[in-house]
Amino acid sequence: MSLKGKTALVTGSTSGIGLAYAKALAGQGANLVINGFGDAAAIEQERLGMEATSGGKALYSAHDLTKVDQIEAMMKEAADTFGGVDILINNAGTQHVSPIEEFPVDKWNLIIALNLSSAFHTTRLAVPYMKQQKWGRIIQTASAHSLVASPFKAAYVSAKHGLAGLTKTVALELATFGVTANCISPGYVWTPLVENQIPDTMKARNMTREQVINDVLLAGQPTKQFVTAEQVAEIALFLCSDAASNITGANISVDGGWTAG
Ligand code: NAD
């Protein structure tokens, strides 16, 4: 498969799963818009690496996707540079772990804005070009938490279930335009998002680091292995291929069997 001449925008692609998507897409020759926060020099090194791999262009957008005007600015920058976005991967996300009665309102608002509303805004802005081209791929990094819940993750589980609903709706609206919309739903993937949950969980459950990893994180994952970011990225590449043109409105689990139970 070659994605030469196509442009992929991956939100939250300076780290973890998003970075793996961007590198995989560069490997197929796609132009890229990468987005997210982090060390400027490290991001520039990744951006240059993607251009070297793809032979195309990679643009870095530092926009904060909790803000509608910044999402609009990012999408305009992509359109001005590349004409439009052919492959949209909504991946930026964050987590907060807390009982519902103590759940900070600002964390709820942040998680809904970033993990759910930003996907609505990027999608509504990307779709006109995709419809006109009669080709497009919209891919969400949802989560096993788009299908099942866990305690203490009210905002995250709500946002991810919402993302699954948004995806099905968009899939139906675009079914005759050559545009597919799908969720990829990983179980636990070893990334900074997971690493950052460990200290709070150690405290909340009075556990060692090893106990948190084995008895909490991997407890529900029957394979007892973390999913890798590269495995998730391979699914996205498949969804971009012609072989996947009839997969739309799906929610593809990559969770080591978690949601089979
Ligand atoms: P990560 O923390 O490694 O990456 C998150 C990315 O989002 C980073 O690039 C970060 O800079 C960016 N980001 C954060 N706030 C932003 C903002 N306001 N505006 C723009 N970008 C912002 O996390 P990850 O584990 O790679 O998670 C990526 C996605 O995968 C998330 O949606 C997450 O919910 C989902 N997911 C992760 C796992 C897992 O186990 N790691 C499992 C299922 C789903």
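Look up a bit, the structure's there.
This section reports on the structure supplied with the text. (Residues numbered from 1 in each chain as written. Predicted model: local features only at pLDDT ≥ 70, side-chain atom pairs only at ≥ 80, totals over all residues. Heavy atoms only, no water.)

Overview of the site of the ligand
Now for step 1: Surveying the vicinity of the ligand reveals 30 residues, the closest of which are Ser15, Asn91, Tyr156, Val189 and Thr191.
Now for step 2: Between Ser15 and the ligand, the recorded distance is 2.6 Å, taken from a side-chain N or O atom to an oxygen atom.
Now for step 3: Backbone polar atom of Ile17 to an oxygen atom of the ligand: 2.8 Å apart, as the coordinates give it.
Now for step 4: Burial of the ligand by the protein chains amounts to 91% of its free accessible area of 830 Å².
Now for step 5: The set of elements that each furnish at least two residues to the shell around the ligand consists of helix H1 (16-27), helix H5 (154-174) and helix H6 (192-195).
Now for step 6: With 3 residues, the top contributor of residues to the shell around the ligand is H6. (Near = heavy atom within 4 Å. Polar contact = N/O pair within 3.5 Å; in protein donor to acceptor, adjacent residues only side chain to side chain. Areas by Shrake-Rupley, 256 points an atom, 1.4 Å probe, with all protein chains shown as cover. Helix = DSSP H or I, 4+ residues; strand = E, 2+ residues; numbered from the N terminus.)

What to know about the pattern of salt bridges
Now for step 1: Overall, the coordinates contain 7 salt bridges when judged by the stated rule.
Now for step 2: Residue Arg47 pairs with Glu44 through a salt bridge whose shortest N-O separation is 2.9 Å. Taken together, the positions of Arg47 and Glu44, both in helix H2 (residues 40-54) and 3 residues apart, correspond to about one turn of that helix.
Now for step 3: Judged by relative accessible area, which is 15%, Arg47 ranks as buried.
Now for step 4: Judged by relative accessible area, Glu44 falls into the partly exposed class, the value being 34%.
Now for step 5: One salt-bridge network, held together by shared partners, links Glu44, Arg47 and Glu51. (Salt bridge = Lys/Arg side-chain N within 4 Å of Asp/Glu carboxyl O. Buried < 20%, exposed > 50% of the residue type's maximum accessible area, 1.4 Å probe, protein only.)

Comments concerning the packing of aromatic side chains
Now for step 1: Evaluated as defined, the whole model comprises 2 aromatic pairs.
Now for step 2: With centroids separated by 5.5 Å and ring planes inclined at 15 degrees, the aromatic side chains of Tyr188 and Trp258 adopt a geometry described as stacked. In this pair, Tyr188 is assigned in the loop between strand E6 (179-186) and H6 and Trp258 in the segment after strand E7 (251-254), connecting sequence segments 70 residues apart. Per residue, the accessibility class of Tyr188 equals that of Trp258, and both read buried.
Now for step 3: Its end group placed over the ring of Phe177, Lys131 keeps NZ or CZ at 4.7 Å from the ring centre. (Phe/Tyr/Trp six-rings, centres within 6.5 Å; stacked < 30°, edge-to-face > 60°. Lys NZ or Arg CZ within 6 Å of the ring centre and 35° of its normal.)

Focus on the packing of helix H7 (residues 198-205) against helix H8 (residues 209-217)
Now for step 1: Taken N-terminus to C-terminus, the directions of H7 and H8 make an angle of 90 degrees; their axes are 9 Å apart at the nearest point. As summarised for this structure, H7 and H8 are arranged roughly perpendicular, according to the angle between their axes. Along its contact with H7, which presents Ile198, Thr201, Met202 and Arg205, the element H8 presents Arg209, Val212, Ile213, Val216 and Leu217.
Now for step 2: The residue makeup of the contact of H7 with H8, split by class, is 6 nonpolar, 1 polar and 2 charged. (Axes fitted to C-alpha atoms, helices over the stretch in contact; angles between N-to-C directions. Parallel < 35°, antiparallel > 145°, perpendicular 65-115°, else oblique. Contact = heavy atoms within 4.5 Å. Nonpolar A, V, L, I, M, F, W, Y, C, P; charged D, E, K, R; others polar.)

Details of the sheet that holds strand E5 (residues 136-141)
Now for step 1: Ordered in space as E3-E2-E1-E4-E5-E6-E7, the 7 strands form an open sheet in which the pairing is parallel. Across the chains shown, the open sheet's two edge strands, defined by having one partner strand only, are strand E3 (58-61) and E7. Strand-to-strand twist across the sheet, computed as the mean angle between neighbouring axes with direction ignored, equals 15 degrees.
Now for step 2: The pairing of strand E2 (residues 31-35) with E3 spans 4 bridges and is parallel. Looking across to E3, one finds that Val33 is bridged to Leu59.
Now for step 3: Along the sheet face, H1 touches strand E1 (7-10), E2, strand E4 (87-90), E5 and E6 and points at about 170 degrees away from the line of E1. (Pairing = 2+ DSSP bridges.)

Observations regarding the nonpolar core
Now for step 1: Core analysis: the biggest nonpolar cluster contains 33 residues, and Tyr21, Leu25, Leu32, Met50, Ile87, Ile89 and Ile184 have the highest contact counts within it.
Now for step 2: Setting aside its immediate chain neighbours within four residues, Leu25 contacts Leu3, Ala8, Val10, Ala30, Leu32, Ile87, Ile89, Leu237 and Cys240.
Now for step 3: If you look at the next biggest cluster of nonpolar residues, it comprises 28 residues, including Met74, Ala78, Met130 and Ala164. (Core = buried A, V, L, I, M, F, W, Y, C linked by side-chain atoms within 4.5 Å.)

Concerning unusual backbone geometry
Now for step 1: Of note, the phi angle at Lys134 is positive, near 60 degrees, even though the residue is not glycine.
Now for step 2: Counting through the fold element by element, Lys134 comes out in the loop between helix H4 (105-133) and E5.
Now for step 3: Residue Asn206 is not a glycine yet carries a positive backbone phi of 55 degrees.
Now for step 4: Locating Asn206 in the fold gives a position in the loop between H7 and H8.

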